[in-house]
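# Per-entry structural report
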Amino acid sequence: MSSQSTPAPQPSDAAGPPGTAPLLVLLDPAAKAADGEAVRIARDVLSGGADVKVALPENATELDRVLAHRGRRRPVVVGSDLALQRVVQALHRHGELAAGPVAVVPVGGGREVALARSLGVPVEPVAAARAVLAGVPRQLGLLLDDGDGVVLGEVRIPGRRQVRPGGWRSLWAKLIAAEQVAQAGEQLRIEADGRELGGAGRPPRLVALRLPAGAEAAEVVVRAAGARRTLLRVRASRITVAGPDFGYEADGCPAGPVPARTWTAHPAAWHLVLPTG
């Protein structure tokens, strides 16, 4: 891990607005390797407007250590949605998620920064870095599973299955994947606040969960199998999915398999610095 302090022209005040707070800039190693220029630009803009300490945590242990010694500095993630999720997860794990706001400068391809974009963060490095300096903390919610996993965006069950092009072998893989999705969905049981969704004649093919900004309960979407593909949409604070071991995606990352999983909505659980207005 490497770290470096870059003093701002004027002293900063941790109790002031985001633009005057001292910052802990956490560079995502994957983002730096993929788009070093975007990372450099973001770092230069941030260093020009605040007292900045830069760190490059290579693993979860180093990330925990850097966050534990951040003092009054506010964490700023420079990287993908996955990097943001890891930082929020670490802060939650140590009971510090409510201690102060988090900021992010997205770096990555379209799907890699889709969550940040959906939360209202600019995806262009200069605009995002300026929003960190001049933006305001906004209260957001999240989903917390019974394994203490944090979800900032969406859960999908079964998750998307991507297969690269490759002729007959690829086609065969797609057919197998489609069959696995159907079989898994047919045996899943979904409960929303204790009420079972669907029925024996309408096995679920896809389940999606998310907590919209400002909402008190999660949005649950169940798409039933069959020719008509019935769509059911409800709101619930606690959602349980059970059945034979199944895999899922949380914030775009594969998880499981598990025999059961429960997600609970936690409104106003954390703050993200977003552009004013």
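Description of the structure in this document. Residue numbers run consecutively from 1 along every chain, following the written order of its sequence. Local features are withheld for residues below a pLDDT of 70 in this predicted model, meaning they are given only at 70 or higher, and side-chain atom pairs are given and counted only at 80 or more; totals for whole chains, interfaces and linings count all residues. Only hydrogens and water are set aside; all other atoms, that is, all heavy atoms of the structure, feed into the side-chain values.

### Looking at helix α3 (residues 60-68)
Burial classes follow relative accessibility: with a 1.4 Å probe on protein chains only, a residue under 20% of its type's maximum area counts as buried, one over 50% as exposed, and anything between as partly exposed. Secondary structure elements are defined from DSSP: runs of H or I of at least 4 residues count as helices, runs of E of at least 2 residues count as strands, and each element is numbered from the N terminus. If you check which residues of α3 are buried, you get E62, L63, V66 and L67. Looking down the long axis of α3, one finds its buried residues gathered within 130 degrees of arc, a one-sided arrangement. Away from its buried face, by an angle of more than 90 degrees, α3 presents the exposed residues A60, T61 and A68. Here a residue-residue contact requires only that any non-hydrogen atoms of the pair lie within 4.5 Å. On its buried side, α3 packs onto β2 (23-27), β3 (52-55), β4 (74-79) and α4 (81-93). Here a polar contact is taken to be a pair of N or O atoms separated by no more than 3.5 Å, where protein atoms must pair a possible hydrogen donor with a possible acceptor and residues adjacent in sequence count only if both atoms sit in side chains. Here α3 starts with a cap whose side-chain oxygen sits 3.1 Å from the backbone nitrogen of T61, and that cap is N59. An arc is given here, and it is the one of the directions from the helix axis to the C-beta atoms.

### A short note on the pattern of salt bridges
The salt bridge criterion pairs a side-chain nitrogen of Lys or Arg with a carboxyl oxygen of Asp or Glu, the two atoms within 4 Å. This structure, assessed with the given rule, holds 9 salt bridges. The partner of R40 in a salt bridge is E37, with the nearest N and O atoms 2.6 Å apart. Residue R40 and its partner E37 are located together in helix α2 (residues 36-47), separated by 3 residues, close to a single helical turn. Look at R40 and you get partly exposed, because its relative accessible area is 41%. One salt bridge in this structure joins R233 and E219, with 3.5 Å as the shortest N-O distance. Of the two residues, R233 sits in strand β13 (residues 231-236) while E219 sits in strand β12 (residues 218-224), which places them 14 residues apart along the sequence.

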